[in-house]
Amino acid sequence: MTSSEPGFDASYPGVSPQLMARTRQLWSARGLDLDAAWRGTVRQLKGYQPVVSRTGVAPSFPEDVFFLFDQSVIWISALQCASETAGRQADSNLDPEQWLAVRHVLGQLLEKLAAIRMLSLADFSAPTMQIARSVSEDADMIVLFLTRPKLAARFVECRSKDEATGFWRKHIAGGRAFRSITEQLYRSGLDFDTDGSYARWRKDALGVLSLAVHTSFGPQGTPPSTQEGAAWDCLYFVTLRVQEIFAYSHIVSVFLQADLDRMIPSTEGAQDANMLRASAAARDLVLEQYKWMSTADLTIGS
């Protein structure tokens, strides 16, 4: 980014002042550099374009949705950074194959998010929705690999197109991955200690998730009102699915947060220290943004 280009705040004209202030507060309270994270992730996406403020829409929409979508890009980039670091650590709770599988899917997911960003800005609804379906499958795969080490190992063992296709059909296609996740979520919701900050967080997260089950491309079940609106509703859907990666993973995995926290002390002063700290803080920060997405009145104006 050159000195003449807009910075983080100026790149989101029309975004809700409350959302901008709340986001900055959440980052700064944890000693995280939001501007640096944005410059190193969102700003570096292929085909990056700034958001153009629009008129004739409901307050702050679609700027708020686009803002939170870009936040999801940062979170996925932070998790990818963590997966690369964790794969080099011998004392990780998660298996190396789990981190390897997750890193592979995250790399593809970031490319798809970049494509969705460009298509949404151009109001190409159909291809945006097509990629969104693939993003949803990626989200399920990431959660599965973080919670099922044997499945992750089988994934990274695939060496041919036929093996990869067979794995996808057996474990991912037809909603199989999500059904497996929902079974784990059900067990987690019924069986966990009631004391401690993590237990309180998990109970809170389960409550929020129940408010925003992804059954449509629009907030609170709102159908697209125009062809243009379909692309923006799709952006909303994708953002929720990315946020659910973090919410679901931390609910069903007791090891993930410990691994993310363990990386922080050894990276002080390193180039990726800010992103690694962000990955460790994502559990709480993403949930706050998930609450905003699932409860705010973000509907397309006439």
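Just so it is clear, the structure is predicted and the values come from calculations on it, not from any experiment. (Residues numbered from 1 in each chain as written. Predicted model: local features only at pLDDT ≥ 70, side-chain atom pairs only at ≥ 80, totals over all residues. Heavy atoms only, no water.)

## Concerning the overall build of the protein chain
Part 1 of the argument: The secondary structure content of the protein chain amounts to twelve helices and zero strands.
Part 2 of the argument: Listing each helix as α and each strand as β along the protein chain from the N terminus yields α-α-α-α-α-α-α-α-α-α-α-α.
Part 3 of the argument: Nonlocal contacts in the protein chain, meaning residues at least 24 apart in sequence, comprise 78% of its contacts between residues at least 6 apart.
Part 4 of the argument: Carbon and sulfur atoms make up 53% of the accessible area of the protein chain, which amounts to about 13700 Å² in all. (Helix = DSSP H or I, 4+ residues; strand = E, 2+ residues; numbered from the N terminus. Contact = heavy atoms within 4.5 Å. Areas by Shrake-Rupley, 256 points an atom, 1.4 Å probe, with all protein chains shown as cover.)

## Considerations on the packing of aromatic side chains
Part 1 of the argument: What the rule picks out here adds up to ten aromatic pairs.
Part 2 of the argument: Where F145 meets F167, the ring centres are 6.3 Å apart and the plane angle is 40 degrees; that geometry is what we call tilted. With F145 in helix α5 (residues 125-147) and F167 in helix α7 (residues 161-171), this residue pair connects regions lying 22 residues apart in the sequence.
Part 3 of the argument: Judged by its relative accessible area of 0%, F145 falls in the buried class.
Part 4 of the argument: Residue classification places F167 among the buried residues on the basis of a relative accessible area of 7%.
Part 5 of the argument: With 5.4 Å between their ring centres and 55 degrees between their planes, F155 and F167 make a pair best called tilted. Of this pair, F155 sits in helix α6 (residues 149-156) while F167 sits in helix α7; the two residues are twelve residues apart in sequence, bridging distant segments of the chain.
Part 6 of the argument: Each member of the aromatic cluster is reached from another via a ring pair, and the members are F8, Y12, W38, Y48 and F67. (Phe/Tyr/Trp six-rings, centres within 6.5 Å; stacked < 30°, edge-to-face > 60°. Buried < 20%, exposed > 50% of the residue type's maximum accessible area, 1.4 Å probe, protein only.)

## Observations regarding the environment of F155
Part 1 of the argument: Residue classification places F155 among the buried positions, given a relative accessible area of 17%.
Part 2 of the argument: In sequence terms F155 and W168 are 13 residues apart; their C-alpha atoms lie 8.9 Å from each other.
Part 3 of the argument: Dropping the residues within four chain positions of it, F155 is found in contact with A101, H104, V105, M141, F145 and F167.

## So, the packing of helix α4 (residues 96-121) against α6
Part 1 of the argument: At their nearest, the axes of α4 and α6 sit 8 Å apart, and the two run at 60 degrees to each other. Here α6 runs oblique to α4, going by the angle between their axes. Handedness of the crossing formed by α4 with α6: left-handed. When α4 is examined against α6, the residues E97, Q98, L100, A101, H104 and V105 are found in contact with a partner set consisting of P149, A152, A153, F155 and V156.
Part 2 of the argument: Of the residues belonging to the contact of α4 with α6, the class tally is eight nonpolar, two polar and one charged. (Axes fitted to C-alpha atoms, helices over the stretch in contact; angles between N-to-C directions. Parallel < 35°, antiparallel > 145°, perpendicular 65-115°, else oblique. Left-handed = near helix turned anticlockwise from the far one by under 90°. Nonpolar A, V, L, I, M, F, W, Y, C, P; charged D, E, K, R; others polar.)

## Re a positive patch on the surface
Part 1 of the argument: On the surface, a cluster of positive charge is contributed by R148, K150, R154 and K170.
Part 2 of the argument: Turning to its location among the elements, R154 is positioned in helix α6.
Part 3 of the argument: On the accessibility criterion, R154 (38% relative accessible area) is partly exposed. (Patch = residues over 30% accessible without salt bridge, like charges linked within 9 Å, V, L, I, M, F, W, Y side chains within 5 Å. Salt bridge = Lys/Arg side-chain N within 4 Å of Asp/Glu carboxyl O. Lys, Arg positive; Asp, Glu negative; His and termini not counted. Charge placed at Lys NZ, Arg CZ, Asp CG, Glu CD.)

## Re the confidence of the model for the protein chain
Part 1 of the argument: Within the protein chain, residue pLDDT values average 81, and 77% of them lie at 70 or more.
Part 2 of the argument: Confidence scores differ between elements of the protein chain, with helix α9 (residues 197-209) showing the lowest mean pLDDT of 62 and helix α2 (residues 34-40) the highest of 96. (pLDDT = per-residue confidence, 0-100.)

## Remarks on the packing of helix α3 (residues 63-86) against α4
Part 1 of the argument: At a minimum axis distance of 9 Å, the contact between α3 and α4 shows a crossing angle of 160 degrees. Taken together, α3 and α4 sit at an angle that is classed as roughly antiparallel. As for the relative orientation of α3 and α4, their crossing is left-handed in sense. In contact with F66, F69, D70, V73, I76, S77, L79, Q80, S83, E84 and A86 of α3, α4 contributes W99, R103, L106, G107, L109, L110, L113, I116, R117, S120 and L121.
Part 2 of the argument: Tallied by class, residues from the contact of α3 with α4 come to 13 nonpolar, five polar and four charged.

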